[in-house]
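Architecture and fold: a report
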Amino acid sequence: MTASPPPSSATSQHDPWIIGIYSLAYALACRLSQELVCSESNVELIWLAGGVALAGLLHVPKQRWPLMLGCFWILNLSVKLVTGRAFLPSLGFACLDVAESLVCAGIIRQWCQSEVRFSRLMDVLALTLAATVVNGVTAFLAAWMAWLSQGSPFYLFLTTWWIGDSLSLLLITPLILSWVHSDPVFLAEMKRRWLPVLIFLLCWLMVVWVVFHPDSVSLPVHGHPYMIFALLVWVGLIAEQRLTSLALVLLATAAITSAVLGSPHFPFPSENTAERVLSVHVFIAVVSITGLALTASLMERKEMLHSIANTESRVRESETIFRTALMSSPIGMALVSPEGRWIDVNPVLCDLLGYTREELLVTDFQTLTHPDDLKPDLALLDQMLRHEIENYQMEKRYVHKDGGTIWAQLNVSLVWNEDGTPKHFISQIQDITRRKFAEEKLNRSMKSMADLKVALDEHAIVAIVDARGVVLDVNEKFSAFTSYGRSEMQGRHIEMIGSEVHSEAFLQELHATLTYGRVWEGELCVHARDGSPRWVRATVVPFMDFIGQPAQFIGICVEIDAPHDEPSLEA
């Protein structure tokens, strides 16, 4: 069970008013109960204040119990003393009344945890336990105290206290709590259906009156009190606990009045008023427990059916949303059974594989999977069925209806049933055929480039510089030619190997040619590490960026002998 939620701040702010209202009701109930006294035992025939006290304790949070119990104890003792009762017996009975309410409330709150409205069978069972067991103990103690202090008949005092208090809890507590917790929906429904409810209560009172006063009307069937049990089924079917508790209070009022007035038609007739009233109390207690339990069971069943209907509605809504997403997805999607058969597919998947929906639903994914990719796919599915992985992704090939090969990115997840068995796979299948072909073409191109680079490195001196002239990379031929290692050249300016034999006009022409994106070819002189001049025939290729500016240059050079007419080159 979950613990009851803490009271809201709004409820806490109203606690003093609630305690005040319950205290006033408790005082009135004490005074009214004293008007219904058994002359033989000198104890109240029904202790109405007990039901009010229990309802008040179950209504407020436990933090307010000490204050509320203190108010009840003072009021209980005050009413007894004001009406002329002896102080010591009154003190003892007041303590027992308050202790009884505290223990009953503690048992019910501990058992039920959540807010008690007697709309659950558990609430009714907890109330029955408190009304019988706890009241039995307090009635025994009260009878013993009354016998010692007043000489009252022990057994009669015991039964009167026990049954009277129990009946109060069974009638008054559900009546108060079921109505104070009425939600706006119920109140609006009551306003709309006030006439049928009024007719129902009037009919109920008429039946009760006929049952207990059969001689008042002429009927072909003799009225009997136990016909009430048949009416409880009707009450439970058409009403909630609020109306049931109200009907039971009306029944108790009519029955007790009839017993006090000496109705001879109760199943246990007696000339003794106390015995006659006690027999009526027992009857009403049995009827109350039956009515509360029956109505709570029916309410729980209605709530369960309503919950099931809501769940089914949410499931249908979820299925509708999922199917809409499935059918409108821009990629192929499918529901696949644990055996591999297609359960449902969307149009994109049908177009991807070249089959109609009907054709796919009569086959399985194993048939359409490329033989080389089937084994790893099944291995991943088996891992998922063994709870080793929750989902998986892979690239695999499908066989198109025309015999061609389709590359796809496959994402698979598994939906489980409530009993732990696999329900179906959700497969997302995205066409990546163009990407795979592009990757293969790129790989071939890169291999060709790698082969070209190997061939170039084998026969030429290569250097790569950026737009600023900073060396990005050189090959081994360059290092061997200049005696500068690859790591030494990277990040250094290309001018570190430049030569002063070239004129300024020569260098400006070279720079202008490359800046305009044209390939430059010619002879260049560079200096090796030892300062010696080295001549190369160079081809410099510019690579432009997206705005047409040079981004980097690749120089491909071949070593040559120094020109014979060097002074002419300096001109």
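Right, let's walk through the structure included here.

Cut-offs applied
- Residues numbered from 1 in each chain as written.
- Predicted model: local features only at pLDDT ≥ 70, side-chain atom pairs only at ≥ 80, totals over all residues.
- Heavy atoms only, no water.
- Helix = DSSP H or I, 4+ residues; strand = E, 2+ residues; numbered from the N terminus.
- Buried < 20%, exposed > 50% of the residue type's maximum accessible area, 1.4 Å probe, protein only.
- Contact = heavy atoms within 4.5 Å.
- Areas by Shrake-Rupley, 256 points an atom, 1.4 Å probe, with all protein chains shown as cover.
- Phe/Tyr/Trp six-rings, centres within 6.5 Å; stacked < 30°, edge-to-face > 60°.
- Pairing = 2+ DSSP bridges.
- Axes fitted to C-alpha atoms, helices over the stretch in contact; angles between N-to-C directions.
- Patch = residues over 30% accessible without salt bridge, like charges linked within 9 Å, V, L, I, M, F, W, Y side chains within 5 Å.
- Salt bridge = Lys/Arg side-chain N within 4 Å of Asp/Glu carboxyl O.
- Expected span 1.5 Å × (residues − 1).

**Let's talk about the overall build of the chain**
A tally of regular secondary structure across the chain gives 21 helices and twelve strands. For the chain, the proportion of its 571 residues judged to be buried stands at 43%. Across the chain, every contact between residues at least 6 apart in sequence was considered, and the portion connecting residues at least 24 apart equals 57%. In the form shown here, the chain has an accessible surface area of approximately 30800 Å², with 63% of it arising from carbon and sulfur atoms.

**Observations regarding the packing of aromatic side chains**
Inspection of the entire model under this criterion finds six aromatic pairs. Consider the rings of Phe93 and Trp161, whose centres lie 5.8 Å apart with planes at 55 degrees: the pair is tilted. With Phe93 in helix 5 (residues 87–112) and Trp161 in helix 7 (residues 154–180), the pair connects residues that are 68 residues apart, well separated along the chain. One exposure class covers both Phe93 and Trp161, and it is buried.

**As for the environment of Ala334**
For Ala334, the position within the fold is in strand 3 (residues 332–336). The exposure class of Ala334 is buried, given its relative accessible area of 0%. Spatially, the C-alpha atom of Ala334 lies 9.9 Å from that of Pro347, the residues being 13 residues apart in sequence. Beyond its immediate sequence surroundings of up to four residues, Ala334 is in contact with Leu326, Trp342, Asp344, Val345, Leu349, Phe425, Ile426 and Ser427.

**A look at the sheet that holds strand 10 (residues 520–527)**
Pairing is antiparallel across the open sheet formed by five strands, whose spatial order is 9-8-12-11-10. Each end of this open sheet is capped by a strand with a single partner; those strands are strand 9 (471–474) and strand 10. Shown here is a sheet whose adjacent strand axes are inclined to one another by a mean of 30 degrees, direction ignored. Pairing analysis gives eight bridges linking strand 10 to strand 11 (residues 533–544), with the strands arranged antiparallel. Across the sheet, residue Cys525 finds its bridge partner in strand 11, namely Trp535. Across the sheet, helix 20 (residues 504–515) lies against strand 10, strand 11 and strand 12 (550–560), angled at about 130 degrees from strand 10, the strand it touches most.

**Focus: a nonpolar patch on the surface**
Together, Trp194, Leu195, Leu198, Ile199, Leu202 and Leu205 make up an exposed nonpolar region whose accessible area comes to about 560 Å². Note on placement: Leu198 falls in helix 9 (residues 194–212).

**What to know about helix 9**
Taking 1.5 Å as the rise per residue, helix 9 with 19 residues should run 27 Å; its terminal C-alpha atoms sit 27 Å apart, in good agreement. Among the residues of helix 9, those classed as buried are Val197, Phe200, Leu201, Trp204, Val208, Val210, Val211 and Phe212.

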